[in-house]
Amino acid sequence: IFNHVSKNITTLELEVKHQYNLYLKEFIKVCISDGKLCQKEKKLIKQLMKRANITNFDVDYMIKKERQLQYQAAKIAALKSRKTDNHSS
């Protein structure tokens with residue numbers, strides 16, 4: 001019985017951590033969408049990372065990765081816009 005309960009608790013803890021991780025990723029995406037990360041946003045991110053037991057290194061990586069993704073999306077959108085403008089001229 002102890003092993004079963006222990007396994008279920010571990011599974012639940014992993015599920016909760018995964019949910020916090022997903023929420024944190026989405027929160028970071030929204031926070032940096034304006035190109036900045038203000039003090040209030042940083043404070044909330046730190047609170048979430050503590051609850052999810054995520055390190056500063058992991059959060060910094062998440063922020064860096066999201067900035068790269070947003071930059072790539074903007075770059076692709078700009079290229080598509082430029083192609084559309086060239087064809088309509």
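This structure is a prediction, so every number in the text was calculated from the model and none was measured.

> Got a sec to walk through the overall build of the chain? Specific residues and values, please.
On a plain count of helices and strands, the chain comes out with three helices and zero strands. The order of helices and strands in the chain, counted from the N terminus, is α-α-α. Across the 89 residues of the chain, 18% fall into the buried class. In the chain, the share of contacts with a sequence separation of at least 24, taken over all contacts with a separation of at least 6, comes to 68%. With the model as given, the accessible surface of the chain reaches about 7,600 Å², and the carbon-plus-sulfur share is 58%.

> Got a sec to walk through the packing of aromatic side chains? Specific residues and values, please.
Under the criterion given, the structure shown has one aromatic pair. Between the aromatic rings of Tyr23 and Phe27, the centroid separation amounts to 6.4 Å while the plane-to-plane angle is 20°, which identifies the pairing as stacked. Of this pair, Tyr23 and Phe27 both sit in helix H1 (residues 2-31), separated by four residues, roughly a single helical turn. For Tyr23, a relative accessible area of 48% corresponds to the partly exposed category.

> Got a sec to walk through the layout of surface pockets? Specific residues and values, please.
Of the volumes computed, that of the largest pocket is approximately 170 Å³. Lining the largest pocket, in full, are Asn21, Lys25, Glu26, Ile28, Lys29, Ile54, Asp58, Tyr61, Met62, Lys65, Glu66 and Leu69. When contributions to the lining of the largest pocket are tallied by element, the ones reaching two or more residues are H1 and helix H3 (56-88). Looking at the lining of the largest pocket element by element, the count peaks at six residues for H3.

> Tell me about the nonpolar core, and name the residues and values.
Membership of the largest hydrophobic core comes to 14 residues, with the highest contact counts inside it found for Leu24, Ile28, Leu37, Ile45, Ile54 and Val59. Elements that contribute at least two residues to this core include exactly H1, helix H2 (39-51) and H3. Broken down by element, this core gets its largest block of residues, four residues, from H1.

> Provide a residue-level description of the confidence of the model for the chain, including the pertinent values.
Residue-level pLDDT values for the chain average 81, and 83% of them are 70 or greater. H3 holds the highest mean pLDDT among the elements of the chain, 87, whereas H1 holds the lowest, 73.

> Any details on the environment of Lys50? Residues and values, ideally.
Mapped onto the secondary structure, Lys50 falls in helix H2. Through-space distance from the C-alpha of Lys50 to that of Tyr20 is 9.8 Å; in sequence the pair is 30 residues apart.

> Could you give an account of the environment of Ile45, with specific residues and numbers?
Looking at where Ile45 falls in the secondary structure, it is placed in helix H2. Once the C-alpha coordinates of Ile45 and Lys25 are considered, the two residues, 20 residues apart in sequence, prove to be 9.6 Å apart. Contact partners of Ile45, with chain neighbours within four places excluded, come to Leu24, Phe27, Ile28, Leu37 and Val59.

Cut-off values and rules
- Residues numbered from 1 in each chain as written.
- Predicted model: local features only at pLDDT ≥ 70, side-chain atom pairs only at ≥ 80, totals over all residues.
- Heavy atoms only, no water.
- Helix = DSSP H or I, 4+ residues; strand = E, 2+ residues; numbered from the N terminus.
- Buried < 20%, exposed > 50% of the residue type's maximum accessible area, 1.4 Å probe, protein only.
- Contact = heavy atoms within 4.5 Å.
- Areas by Shrake-Rupley, 256 points an atom, 1.4 Å probe, with all protein chains shown as cover.
- Phe/Tyr/Trp six-rings, centres within 6.5 Å; stacked < 30°, edge-to-face > 60°.
- 1 Å grid on protein atoms, 1.4 Å probe; cavity = no way out; pocket = protein on both sides within 12 Å on 5 of 7 lines; lining within 4 Å.
- Points joined across faces, edges and corners; volume = space filled by probe spheres on them.
- Core = buried A, V, L, I, M, F, W, Y, C linked by side-chain atoms within 4.5 Å.
- pLDDT = per-residue confidence, 0-100.

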